[in-house]
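Understanding the architecture of this molecule
In case you want the letters, here they are:
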Amino acid sequence: MELGPGIPCRCPCGALTVVLTSKTKENPGRRFYRCGVVSGENHVFKWADEALVEEIEALSVKQASMENDLIEIKEHLIDIKKDITEIVEVVAAFSTKI
Ligand SMILES: [Zn+2]
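Being a predicted model, the structure only gives us computed values, none of them experimental.

**Looking at the packing of aromatic side chains**
Taken as a whole, this structure holds three aromatic pairs when the rule is applied. With a centroid separation of 5.0 Å and an interplanar angle of 85°, the aromatic rings of Phe 45 and Trp 47 are classed as edge-to-face. Lying over the aromatic face of Trp 47, Arg 30 brings its terminal NZ or CZ to 4.1 Å of the ring centre.

Right, here's the structure in full:
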């Protein structure tokens, strides 16, 4: 089963995932995501620490994209303010001629 990066919210079977804590000798206290209904092959199992690192990496990419979008929006806003100023000046010029 191939999972996407980050925190798995749903198992391919449709069930919500749960976060549990390992009690094995190999991974004591390590938290993991698992299918909330069925434990086994073809159902979600993912270590929480690995999922969280992936989630942070994905969020970092999204944040960078949103920061670029914000820069563009600010530039458009400056242009819009300039346009409004010009329109107000034109309207003022016309109103003095009427
Ligand atoms: Zn499942």
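**Observations concerning the UniProt feature "domain: GRF-type" (unreviewed entry) in the protein**
Taking the UniProt record as the reference, the feature "domain: GRF-type" (unreviewed entry) is found at residues 11-51. For residues 11-51, helix accounts for 10% and strand for 32%, while the C-alpha atoms at its two ends are 14 Å apart.

**Considering the coordination of the zinc ion**
Those donors, Cys 11 (SG), Cys 13 (SG), Cys 35 (SG) and His 43 (ND1), are the protein atoms that reach the zinc ion, and they lie 2.1 to 2.3 Å from it. Note that the zinc ion binds four donor atoms; their angles at the metal cover 105 to 116°, and the shape is tetrahedral. If you list the donors of the zinc ion from N- to C-terminus, the spacing comes out as C-x1-C-x21-C-x7-H. Separated by 32 residues along the polypeptide, Cys 11 in the segment before β1 (17-21) and His 43 in the loop between β2 (31-35) and β3 (45-47) bring together distant segments of the chain. Each member of the pair, Cys 11 as well as His 43, carries the same accessibility label: buried.

**Considering the pattern of salt bridges**
Scanning the entire structure with this criterion turns up three salt bridges. A salt bridge links Glu 50 to Arg 30; the shortest N-O distance between them is 3.2 Å. Taken together, the positions of Glu 50 in helix α1 (residues 48-97) and Arg 30 in the loop between β1 and β2 put the pair 20 residues apart, joining distant regions of the chain. Owing to a relative accessible area of 40%, Glu 50 belongs among the partly exposed residues under this scheme. On the accessibility criterion, Arg 30 (22% relative accessible area) is partly exposed.

Rules used in this analysis
Residues numbered from 1 in each chain as written. Predicted model: local features only at pLDDT ≥ 70, side-chain atom pairs only at ≥ 80, totals over all residues. Heavy atoms only, no water. Phe/Tyr/Trp six-rings, centres within 6.5 Å; stacked < 30°, edge-to-face > 60°. Lys NZ or Arg CZ within 6 Å of the ring centre and 35° of its normal. UniProt positions renumbered as here; feature names shortened; annotations may be inferred. Helix = DSSP H or I, 4+ residues; strand = E, 2+ residues; numbered from the N terminus. Donors = N, O, S within 2.8 Å, 3.2 Å for Na, K, Ca; no water. Tetrahedral: all angles 85-135°; square planar, octahedral: opposite > 155°, others 65-115°. Buried < 20%, exposed > 50% of the residue type's maximum accessible area, 1.4 Å probe, protein only. Salt bridge = Lys/Arg side-chain N within 4 Å of Asp/Glu carboxyl O.

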